[in-house]
Amino acid sequence: MSVGKPNATVYGLLLAFVLGSAFPFYWSFVVASRDSATVSDRVPPLLPGGNFFANAAKVFDSVPFWKALANSMIVAGTVTVSTVLLSTLAGFAFAKLRFRGRGVLFVAVVATLAVPTQLGIVPLYMLMAEFGWANSLEAVIVPNLVTALGVFWMRQYILEAVPFELIEAARMDGCSLIRTFWHVCLPAVRPAAAFLGMFTFMTSWNDFLWPLVALDAGNPTIQVALEKLQSGFYIDYSLVLAGTTMATVPVLLIFVLLGRQIVAGIMQGAVKG
């Protein structure tokens, strides 16, 4: 069955969806470039003002923004690289290796997704304090080095993307197991790994509850620092949205860098599903 070319209606719907998705970001920048009274105007302006850099300077004076930005980059970058690598290794083992208890262990990993994060905060904090990591970035990084969702995602992708015959051919040619993973499996799952990396970076970057508990006010991540802008009796929304706009830039850059691989991974997974 042939598929016809998209018509003007399809392009119109896509354009409306893109504009609707991008408008909150644009409105945040408009408010961030004006004073806080813009939010309560009866006829809100649709064009940016000229106060963005002044509001940004006030954000830098109000909270340790640069330190929080650096902390978030360290945490999100480390967690992303670790999650992609370890999830791919675990997914490869669950999908292509035969060992005793594989099914039970995989079910146990997936079952952890049903446990709410909030239930583990108190014992997790006690454990981090026992290790001497309270109020340090290790407390935020180490518990998130790998995720059950990442393992599940990579295992399902590797099942379809890496044939057993390809692995057997590599082993017959003398490749060790780790070389087979590195040279055969990893290139084949690059789209899925890029999507997992983007999702993990965004999740880690936007994480608020655990960094709020594990870190003190002098060593925050970016989301905790932004929350401090709203802790007073009077909330200056122009400052809050100025900080939010600047905090969104790294996520957009990561999306641009991984965009092609992410789209390829989504489309390939959709076709296989």
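These numbers were taken from a predicted model, which means no experiment stands behind them. (Residues numbered from 1 in each chain as written. Predicted model: local features only at pLDDT ≥ 70, side-chain atom pairs only at ≥ 80, totals over all residues. Heavy atoms only, no water.)

**Section: the side chain of Thr-80**
Argument step 1. Here Thr-80 shows up in helix α3 (residues 65–96).
Argument step 2. At 2.6 Å, the side chain of Thr-80 forms a polar contact with the backbone oxygen of Ala-76.
Argument step 3. With near-sequence residues (within four places) excluded, Thr-80 lies in contact with Gly-197, Thr-200 and Phe-201. (Helix = DSSP H or I, 4+ residues; strand = E, 2+ residues; numbered from the N terminus. Polar contact = N/O pair within 3.5 Å; in protein donor to acceptor, adjacent residues only side chain to side chain. Contact = heavy atoms within 4.5 Å.)

**Notes on the nonpolar core**
Argument step 1. Counting residues in hydrophobic clusters, the biggest one holds 24 residues, and the most contacted among them are Val-59, Phe-65, Trp-205 and Ile-222.
Argument step 2. For this core, the element with the highest residue contribution is helix α13 (residues 237–272), accounting for seven residues.
Argument step 3. The contacts of Val-59, once residues within four sequence positions are left out, are Phe-65, Leu-229, Leu-239, Ala-242, Gly-243 and Met-246.
Argument step 4. The next biggest cluster of nonpolar side chains, apart from the first, holds 18 residues, and it includes Tyr-157, Ile-158, Cys-175 and Phe-181. (Core = buried A, V, L, I, M, F, W, Y, C linked by side-chain atoms within 4.5 Å. Buried < 20%, exposed > 50% of the residue type's maximum accessible area, 1.4 Å probe, protein only.)

**Examining the packing of α3 against helix α10 (residues 190–206)**
Argument step 1. Between α3 and α10, the least distance of the axes is 8 Å, while the angle of their chain directions is 145 degrees. Seen from above, α3 lies across α10 with right-handed handedness. Judged by residue contacts, Leu-69, Ser-72, Met-73, Val-75, Ala-76, Gly-77, Val-79, Thr-80, Thr-83, Val-84 and Ser-87 of α3 engage Ala-193, Leu-196, Gly-197, Thr-200, Phe-201, Ser-204 and Trp-205 from α10.
Argument step 2. Counted by class, the contact of α3 with α10 contains ten nonpolar, eight polar and no charged residues. (Axes fitted to C-alpha atoms, helices over the stretch in contact; angles between N-to-C directions. Left-handed = near helix turned anticlockwise from the far one by under 90°. Nonpolar A, V, L, I, M, F, W, Y, C, P; charged D, E, K, R; others polar.)

**Quick word on the packing of aromatic side chains**
Argument step 1. Throughout the structure, instances matching the rule amount to 13 aromatic pairs.
Argument step 2. An aromatic cluster is built from Phe-94, Phe-99, Phe-106 and Phe-152, whose rings are joined through pairwise contacts.
Argument step 3. Above the plane of the ring of Phe-106 lies Arg-155, whose end atom (NZ or CZ) is 4.5 Å from the centre. (Phe/Tyr/Trp six-rings, centres within 6.5 Å; stacked < 30°, edge-to-face > 60°. Lys NZ or Arg CZ within 6 Å of the ring centre and 35° of its normal.)

**Let's talk about the environment of Ala-217**
Argument step 1. Its place among the elements puts Ala-217 in the loop between α11 (209–214) and α12 (222–228).
Argument step 2. Look at Ala-217 and you get exposed, because its relative accessible area is 55%.
Argument step 3. Each C-alpha atom of the pair Ala-217 and Asn-135 lies 9.1 Å from the other, and the pair is 82 residues apart in sequence.

**Concerning the side chain of Thr-83**
Argument step 1. Positionally, Thr-83 belongs in helix α3.
Argument step 2. Polar side-chain contacts of Thr-83 include one of 2.7 Å to the backbone oxygen of Val-79.

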